[in-house]
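Now for the letters of each chain:
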Amino acid sequence: MYTKWNNFIFKILEREYDNNSFVWILHEHTASRLSKKISKYKYAITIYEMKKNPKNMKILPSNVKKITQNASLVITPEYNRSHILKCWWNLKEVPIVLPNKPFIDKK
């Protein structure tokens, strides 16, 4: 299943984007699957998850740290998470916070 998805996305990247394009990756698992192709683009990555298993190991694909370190922009949905990721992964800057909550118009 993932092989078909990867090939589909790789074809879109090659057809629609050039080396000067900016790509925004909306999930850490998507970034992991795109790692073979994404390095030639400038890209932003949104990191949503910071799950840990009972042995205190991060449950994220192993290449997400490197992908995040090489991103032009890192985004998280919460302030504390941004600071934790900067510390865990030795990021140059604290990730930008883009809150993951709906906008409700209270007119």
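From a predicted model like this one, the values you see are computed outputs, not experimental measurements.

### Considering the nonpolar core
Link 1 in the chain: Counting 19 residues, the largest nonpolar core has Val23, Ile25, Leu34, Ile38, Tyr43, Ile45 and Ile47 as the members making the most contacts within it.
Link 2 in the chain: Listed by contribution, the elements that provide at least two residues to this core are α1 (2-16), β1 (22-25), α2 (28-38), β2 (42-46), α3 (64-69) and α4 (79-89).

### Thoughts on the pattern of salt bridges
Link 1 in the chain: Enumeration over the complete set of coordinates arrives at two salt bridges.
Link 2 in the chain: A salt bridge links glutamate 16 to arginine 15; the shortest N-O distance between them is 3.0 Å.
Link 3 in the chain: By relative accessible area, arginine 15 is classed as exposed at 60%.

### What to know about the side chain of glutamate 28
Link 1 in the chain: With respect to the helices, strands and loops of the structure, glutamate 28 is situated in helix α2.
Link 2 in the chain: Of the residues examined, glutamate 28 reaches a relative accessible area of 0% and is grouped as buried.
Link 3 in the chain: Among the polar contacts listed, one links the side chain of glutamate 28 to the backbone nitrogen of tyrosine 48, at a separation of 2.9 Å.

### Considerations on the environment of arginine 33
Link 1 in the chain: By the secondary structure assignment, arginine 33 is in helix α2.
Link 2 in the chain: Once the C-alpha coordinates of arginine 33 and isoleucine 9 are considered, the two residues, 24 residues apart in sequence, prove to be 9.6 Å apart.

### Here's the deal with the layout of surface pockets
Link 1 in the chain: For the largest pocket, the calculated volume is near 230 Å³.
Link 2 in the chain: If you go around the largest pocket, the residues you meet are Thr68, Gln69, Ala71, Ser72, Leu73, Val74, Leu91, Lys92, Glu93, Val94, Pro95 and Ile96.
Link 3 in the chain: Of all the elements in the fold, those that place two or more residues in the lining of the largest pocket are α3 and β3 (73-76).

Calculation notes
Residues numbered from 1 in each chain as written. Predicted model: local features only at pLDDT ≥ 70, side-chain atom pairs only at ≥ 80, totals over all residues. Heavy atoms only, no water. Core = buried A, V, L, I, M, F, W, Y, C linked by side-chain atoms within 4.5 Å. Buried < 20%, exposed > 50% of the residue type's maximum accessible area, 1.4 Å probe, protein only. Helix = DSSP H or I, 4+ residues; strand = E, 2+ residues; numbered from the N terminus. Salt bridge = Lys/Arg side-chain N within 4 Å of Asp/Glu carboxyl O. Polar contact = N/O pair within 3.5 Å; in protein donor to acceptor, adjacent residues only side chain to side chain. 1 Å grid on protein atoms, 1.4 Å probe; cavity = no way out; pocket = protein on both sides within 12 Å on 5 of 7 lines; lining within 4 Å. Points joined across faces, edges and corners; volume = space filled by probe spheres on them.

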